[in-house]
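If you want the building blocks of each chain, they are given just below.
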Amino acid sequence: MRRRHVALSAVIAVIALTFVSLPFVRSTEGQALQGEYKIGLLEPLTGPLAFEGKRHLDGYEVMRDLINAQGGVMGKKLVFVVGDATDPTAAASEANRLITREGVKIITGTYSSTLCGAASEAASRQNVIYWESSCVDPRFNKRGLKNVFRTEIDATGFGWYNVEFIAKHLAPRFNLQPNQIKVAFLAEDSSYGQGVTEAARLRAKNDFGMQEVALEYYAFASTNDFSPIIAKFKQLNPDVVHHIARSSDAVLFWRQSKEQNFQFKALVHAGATGYGSIDFGKALGADGNGPFVLAEPGPGLRLESFRPEARKLEQDFSEAIKKRTGDEPLASHRLAGSGLWLLKLVLDQSKTDELEKFRASVLALDMPVGSMLNGWGVKFAENGQNSNERVQHYMLQWQQGRMMTVWPEEFTTGRAKWIPLGAWDQRK
Amino acid sequence: MSAVPQLLVSTILLGGIYALIAVGLTLIFGIMRVVNFAHGEFLMLGMYLAFWSFTLWGLDPYFILVVAIPVFFAIGLGVYALVMRGVIHASHNVQIFTTVGLSTALQNVALVLWTGDFRFVRPWESSVIIRISGAATNLSQVIAFSVACLFTFALFAFMKWTHAGRVMRATAQDGEAATLMGINTDRVYRLAFAIGIACVGVAGVLVSPLYSVYPTAGLQFVLLAYVVVVLGGLGDMVGALLGALIVAAIEVIGSYVFGSAWKEVIYFVLFIAVLIFRPAGIFGQRGAEALGV
Amino acid sequence: MRRHALALVVFGAAALVPLVIRDGFFLDSLVLILMWGAVSGAWNVAGGYAGQVSLGHSAFFGIGAYSAALMATRWNASPWLGMLAGVVLAMGAGLVIGYLSNRLKGPYFALATIAFSQVLLIVASRWRGFTAGSEGVPVPFRPGLWTLGFASKVSWVYLVLCLALVVYLVQVYLEHSRIGYQLAGVREDEDAAQALGIPSRRLKVMAVAASAALTSICGTLWAQYVGFVDPFYVFSVDLSIRFALNAIIGGIGTAMGPFIGSILITSLETFLRTAFSDIRGGLVGIYLIIYGCLLIVVVRLIPQGLVGWFGQRFRAMRRYARA
């Protein structure tokens with residue numbers, strides 16, 4: 001009899017111990033130390049999005065150091081508590097942890113559309129401010145949540161800008177009216193690819209009457225050959241290929257198009273992935289000349305067109321990123337940096353993280369384009385979204401292995417070349 | 001109709017690559033009857049081997065190929081001793097989950113050591129365009145295809161005409177009977193596993209110029225490899241090659257006709273259909289799947 | 001009552017905890033432990049009791065999650081109705097899988113279930129008109145019982161506890177009922193069972209359908225809790241593996257096994273993830289390496305699972321005590 005009780009107790013003890021270990025999960029003593037202000041930072045640090053999550057993290061940390069060098073936030077030193085949001089469940093769970101164990105009142109992050117949904121839900125239920133700097137899900141701000149804000153525009157904004165560029169800048173140089181342009185839409189099928197493409201399709205059709213000759217979605221992770229698609233496209237003869245790529249699919253498509261001599265007048269992409277990634281240049285070098293990428297600005301940006309305080313911020317930020325990563329700032333760095341800077345501006349105004357006053361300060365901010373990092377301005381709408389017109393986006397183009405900023409021309413020294421793209425071996 | 005030559009060439013080349021990846025799997029699955037979920041991770045390791053050799057020492061992947069064979073053979077032996085030996089005679093669950101644990105561990109070793117960045121291998125062969133009657137491809141793909149065929153036929157020859165191959169096939173057909181005949185099944189399994197891993201490691205090296213290299217690269221190939229293996233029949237080398245061609249054809253033609261969005265649905269549905277109607281594979285022995293695999 | 005001792009202890013503790021501990025993170029972890037335990041229990045009905053090891057259970061989970069989310073966003077219906085719809089659809093899918101289980105064995109069956117869940121994934125991520133495609137569906141949070149919206153973690157603990165109890169009781173029923181014995185016969189040796197006149201095919205299909213229904217319910221609750229349905233996550237192979245994992249480590253074919261497994265795995269995972277999250281970027285992956293190795297070791301050394309292992313220890317000790 002005794003032994004069975006002993007055995008049963010042993011089992012209970014083991015289970016109880018595991019159970020009980022949870023409260024001893026690392027946490028600092030409740031609130032931050034005196035003179036420090038703590039916010040939560042959620043990023044995917046493991047899993048398939050890890051490499052971008054890490055860049056985001058770098059951008060946040062660099063900007064945090066710059067902010068602290070200038071006196072910090074609300075007079076206190078800004079510190080982060082970081083959570084790893086691998087998937088939606090982890091995102092919600094980590095958000096909860098940051099709020100309940102670490103006591104943060106503001107959470108920022110989260111890079112991906114699928115993570116920001118879950119994380120912001122968790123934050124709202126506890127009345128914590130959620131300050132999103134990067135995810136592009138268009139429905140993010142349409143849930144009627146008063147504590148949710150986003151500094152970057154959503155996917156529909158990207159599609160909007162792309163079509164704007166095609167209609168206003170490319171069409172005249174092709175000697176075509178916008179409604180004569182034939183567009184082939186090609187995209188990877190994640191939430192990002194679908195969101196941007198659908199927004200672009202809508203605007204292309206409704207605002208300009210462009211002709212859509214093809215719409216192809218593909219799974220970027222398992223697509224290793226674009227030949228069937230290229231063969232189909234060749235027969236449809238589009239003027240512009242609107243390709244939203246995710247990573248190596250950009251290189252693959254470009255290379256195979258060259259191999260199979262698929263001619264088109266221009267290729268337009270949006271975002272920091274695929275054609276917008278430095279890997280594209282690394283893989284193809286000068287062979288990659290030509291594609292347009294809607295992204296955060298890079299070389300060729302006319303800093304003089306920015307206001308002085310923005311210029312200084314740009315320079316400091318770029319140098320710090322170069323020192324840390326050895327490269328120019330990438331889009332992920334910039335989105336993180338500008339998001340955090342905007343947060344600082346709001347907090348310095350409101351002097352509190354209490355929701356009502358915070359929200360009031362957010363809505364009160366009003367700065368024109370050219371005021372900040374990336375040449376952004378700021379003006380939030382009631383639903384917490386920074387407006388399309390203020391969040392200036394730029395068109396870059398791959399030239400000799402570098403992405404040069406080429407549009408809008410009043411902000412750039414770079415100029416777009418090869419319009420229309422000639423034969424594959426003619427682009428020098 | 002000018003698309004046909006291109007589609008044909010794409011199908012054949014893609015099929016060769018899939019065959020190479022599947023050939024190792026069909027050996028392991030066929031002889032050991034173990035569903036190895038970590039198969040894709042060894043492919044990924046092969047890709048990283050090629051990448052680091054290329055980046056650090058400027059070595060061409062096709063040179064690394066020669067090195068990869070013994071390296072991955074040794075890795076196969078090691079993994080067998082550490083992990084696989086204990087689970088051969090265990091229940092399917094144990095096998096599946098052991099290899100799943102292995103898969104998770106390997107993916108994250110790669111992530112921690114080499115970060116999640118997408119890497120590229122760009123040997124000079126990738127820039128050489130080869131034109132075959134109206135279709136275009138590059139030298140890297142052709143080499144991958146050629147080596148794949150070479151390996152497949154080498155393995156086929158090995159299995160059919162050497163003593164060791166016969167011993168392996170006997171063990172695959174009936175492990176108990178083989179033991180009764182005096183065959184050391186443990187050594188057979190070890191050899192099969194090591195050869196299988198060597199194959200997939202070589203596949204990784206070969207495809208590194210064609211796809212990007214990142215820690216979860218194995219995932220995209222693992223399921224595909226299983227579809228190929230089931231289609232071709234367990235343990236059947238030539239079946240793997242033919243199965244690979246079929247899957248490649250479905251991908252290529254399906255993409256062209258229906259749009260690439262649905263191509264995976266097509267081959268998964270085909271997979272399930274084959275499992276229902278001819279589970280031993282189009283080329284395999286009927287009834288193999290119901291004999292308590 | 002003795003055979004339920006473990007359940008009493010675990011569920012009793014879970015019920016008492018929210019009264020004592022108010023820490024939100026701890027309660028959140030408790031909810032997740034119970035939820036994953038419940039799904040694994042649902043998996044266990046098919047995998048443990050009927051012997052049909054499926055690696056595609058995320059198909060049913062996703063159906064449940066999407067039903068709730070879509071019903072709420074498209075037709076403004078209560079998630080409870082969504083749950084019902086999910087159960088019906090999942091049972092339909094379960095019938096298909098059940099049919100497959102009669103034609104395929106072992107690894108072939110497992111592979112077919114994976115393919116099935118991936119087909120659903122692709123359909124969900126492409127059918128933009130209905131499911132909003134890859135962008136997923138945000139689940140609206142409307143406070144109230146009818147709309148399954150609770151901000152308080154305590155409510156969630158009790159809700160999920162009820163779910164866990166239901167799943168536990170279903171499994172217990174399978175252990176002691178006639179149907180359960182027949183199922184055990186089918187699991188151990190199907191030919192012998194058929195020779196005895198047991199309708200093995202029908203039983204297997206029923207078991208899979210029941211398992212599917214329960215899994216779908218868990219999916220609905222998960223969607224309401226986390227608030228966002230992403231097709232690449234809810235239909236993923238990773239999730240399917242997690243469901244099976246908890247059951248296997250805890251004790252496949254035992255009623256408490258899935259819950260014990262979930263306690264261990266979920267706690268360990270949460271602990272490791274949070275312990276390492278402050279370390280710079282890349283090193284965070286270390287916790288997954290540990291997780292993977294642990295899996296290999298546990299599955300190798302204790303294949304019957306923890307509950308099975310302890311069960312053997314009891315019996316051994318009891319024999320020793322009597323000797």
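The structure presented is a predicted model; accordingly, all values stated were derived computationally and were not measured.

Asks: How should unusual backbone geometry be read in this particular structure?
Replies: Glycine aside, a negative phi is what most residues show, and trans is what most peptide bonds show. Residues and elements named next belong to chain A. Following Gly109, the chain continues to Thr110 via a peptide bond in cis, the omega torsion being -10°. Residue position: Thr110 is located in the loop between strand E3 (106-109) and helix H4 (113-125). Here the bond from Ile419 into Pro420 is cis, since omega is -5°, no more than 30 degrees from zero. Its place among the elements puts Pro420 in the segment after strand E14 (402-407). Phi at Met74 is positive, roughly 50°, even though this residue is not glycine. Along the polypeptide, Met74 turns up in the loop between helix H2 (50-69) and strand E2 (77-84). Backbone geometry at Tyr111 places phi at a positive 70°, although glycine is not the residue there. Positionally, Tyr111 belongs in the loop between E3 and H4. On the basis of neighbour count, Tyr111 is assigned to the buried category, with 25 C-beta atoms found within 10 Å.

Asks: I'm lost on the packing of helix H6 (residues 163-173) of chain B against helix H8 (residues 185-207) of chain B in this one. Help?
Replies: Between two packed helices, the angle of one axis relative to the other and the distance separating the axes together describe the packing. All names here are of chain B. Running from N to C, H6 and H8 point in directions that differ by 105°, and their axes come no closer than 10 Å. Taken together, the axes of H6 and H8 are roughly perpendicular relative to one another. Touching Ala164, Val167, Met168 and Thr171 of H6 are Thr185, Val188, Leu191 and Ala192, all from H8. Along the lines of polarity and charge, the residues of the contact of H6 with H8 split into six nonpolar, two polar and no charged.

Asks: How should I be thinking about helix H1 (residues 3-32) of chain B in this particular structure?
Replies: All names here are of chain B. Helix length check: H1 (30 residues) gives 42 Å between terminal C-alpha atoms against 44 Å at 1.5 Å per residue, within 8%. Taken as a whole, H1 carries its principal kink of about 30° at Ala22. Counted residue by residue, H1 has 25 buried out of 30 residues, so it is predominantly covered. Taken from the residues just after H1, Arg33 is the one with a positive phi, measuring 55°.

Asks: Sorry, what's going on with the domain arrangement of chain A here?
Replies: A common way to state how big an interface is: give the accessible area lost once the parts meet. All names here are of chain A. By domain assignment, chain A separates into domain 1 (27-135 + 305-392) and domain 2 (156-296 + 393-426). Once you take the C-alpha centre of each, domain 1 and domain 2 turn out to be 30 Å apart. Elements supplying a minimum of two residues to the side of domain 1 that touches domain 2: H4 and helix H11 (331-350). With four residues, H11 is the largest single contributor of residues to the side of domain 1 that touches domain 2. Looking at the side of domain 1 that touches domain 2, its residues break down into four nonpolar, eight polar and two charged.

Cut-off values and rules
Residues numbered from 1 in each chain as written. Chains lettered and ligands numbered in written order. Predicted model: local features only at pLDDT ≥ 70, side-chain atom pairs only at ≥ 80, totals over all residues. Helix = DSSP H or I, 4+ residues; strand = E, 2+ residues; numbered from the N terminus. Buried ≥ 20, exposed ≤ 12 C-beta atoms within 10 Å, placed from the backbone. Axes fitted to C-alpha atoms, helices over the stretch in contact; angles between N-to-C directions. Parallel < 35°, antiparallel > 145°, perpendicular 65-115°, else oblique. Contact = placed C-beta atoms within 7 Å. Nonpolar A, V, L, I, M, F, W, Y, C, P; charged D, E, K, R; others polar. Expected span 1.5 Å × (residues − 1). Bend = angle between axes of the 7 residues up to and from the residue. Domains from an automatic or database assignment.

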